[in-house]
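The lines below spell out each chain.
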Amino acid sequence: MKHRKQTSSTPFVRVGPSGVHGLGAFATRDLPAEAFLGLYEGRRYTKAEIATKVWDDQLTYLFTLTNHETIDGSKGGNATRHLNHSCEPNCEAVEEYDEGGELVLKFQTLVAVDAGDELFIDYSLTADDGSPPSKYPCHCGSPGCRGTMLAPEETEAPAP
Ligand SMILES: [Zn+2]
């Protein structure tokens, strides 16, 4: 039987009532850009397992990695799962291989933040079931708000 690491601590992240939606994550201290916040943890599913599951509006806790594994932060996740979405985020999620060769999702600051600042990432959700963007409305209030937490509409233009 394979034992999972315990949920790692996230000393720079405090969970509290969000200014935007439900609970949010806040910096416990001033942090520079690219400061490590923690790993996005939770139950992992393979692509095949995900395909057979029915999700009940839990999309915002799911992260699908480029190896097609999905991490469900609502099961065994740590404080990083409370980062809310913003269309102009101050944090980002970065994939990386750990020492064991496992693909992990690292949360880090994108810019310098002050102690007490709410932390955000851009979820860029993909609704595989074809849900309209209005099903995942965004209330981040930033000037460049897309109005939805879904990823920007893919255009016909080829990727650069
Ligand atoms: Zn927004």
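Residues numbered from 1 in each chain as written. Predicted model: local features only at pLDDT ≥ 70, side-chain atom pairs only at ≥ 80, totals over all residues. Heavy atoms only, no water.

### Some thoughts on the coordination of the zinc ion
Angles at a metal have ideal values that depend on geometry: 109.5 degrees with four tetrahedral donors, 90 or 180 degrees with six octahedral donors.
Inference 1: Looking at the zinc ion, one finds its protein donor set to be Cys87 (SG), Cys138 (SG), Cys140 (SG) and Cys145 (SG), positioned 2.2 to 2.4 Å from the metal centre.
Inference 2: Relative to the metal, the four donor atoms surrounding the zinc ion lie at angles of 101 to 114°, and the coordination shape comes out tetrahedral.
Inference 3: In terms of primary sequence, the donors binding the zinc ion are separated according to C-x50-C-x1-C-x4-C. Taken together, the residues span a long stretch of sequence, with Cys87 in the loop between strand S7 (84-85) and strand S8 (91-97) and Cys138 in the segment after strand S10 (118-121) at a distance of 51 residues. (Donors = N, O, S within 2.8 Å, 3.2 Å for Na, K, Ca; no water. Tetrahedral: all angles 85-135°; square planar, octahedral: opposite > 155°, others 65-115°. Helix = DSSP H or I, 4+ residues; strand = E, 2+ residues; numbered from the N terminus.)

### Some remarks on the nonpolar core
Inference 1: Judged by nonpolar contacts, the single largest core of 28 residues is most densely connected at Leu37, Leu83, Phe107, Leu119 and Ile121.
Inference 2: Of all the elements in the fold, those that place two or more residues in this core are strand S2 (23-27), strand S9 (103-109) and S10.
Inference 3: In terms of residue count, S9 provides more of this core than any other element does, three residues in total.
Inference 4: Those residues in contact with Leu83, other than ones at most four positions away along the chain, are Ala25, Cys91, Phe107, Leu119, Phe120, Ile121 and Tyr123. (Core = buried A, V, L, I, M, F, W, Y, C linked by side-chain atoms within 4.5 Å. Buried < 20%, exposed > 50% of the residue type's maximum accessible area, 1.4 Å probe, protein only. Contact = heavy atoms within 4.5 Å.)

### Overview of the sheet that holds S8
Inference 1: Taking strand neighbours across the sheet as the criterion, the three strands line up as S3-S9-S8 in an open arrangement whose pairing is antiparallel. Only two strands of the sheet have a single partner each, and these edge strands are strand S3 (36-39) and S8. The sheet shows a mean angle of 30° between the axes of neighbouring strands, taken without regard to direction.
Inference 2: Two strands pair when backbone bridges link them, and S8 and S9 are joined in this way by seven bridges, in the antiparallel orientation. What sits directly across from Val94, in S9, is Lys106. (Pairing = 2+ DSSP bridges. Axes fitted to C-alpha atoms, helices over the stretch in contact; angles between N-to-C directions.)

### A look at unusual backbone geometry
Inference 1: Of note, Glu34 is a non-glycine position whose phi angle comes to about 65°, a positive value.
Inference 2: Tracing the sequence through the fold places Glu34 in the loop between S2 and S3.
Inference 3: The phi angle at His68 is positive, at roughly 75°, despite the residue not being glycine.
Inference 4: Residue placement: His68 occurs in the loop between strand S5 (62-64) and strand S6 (70-72).
Inference 5: Classification of His68 as partly exposed rests on a relative accessible area of 44%.

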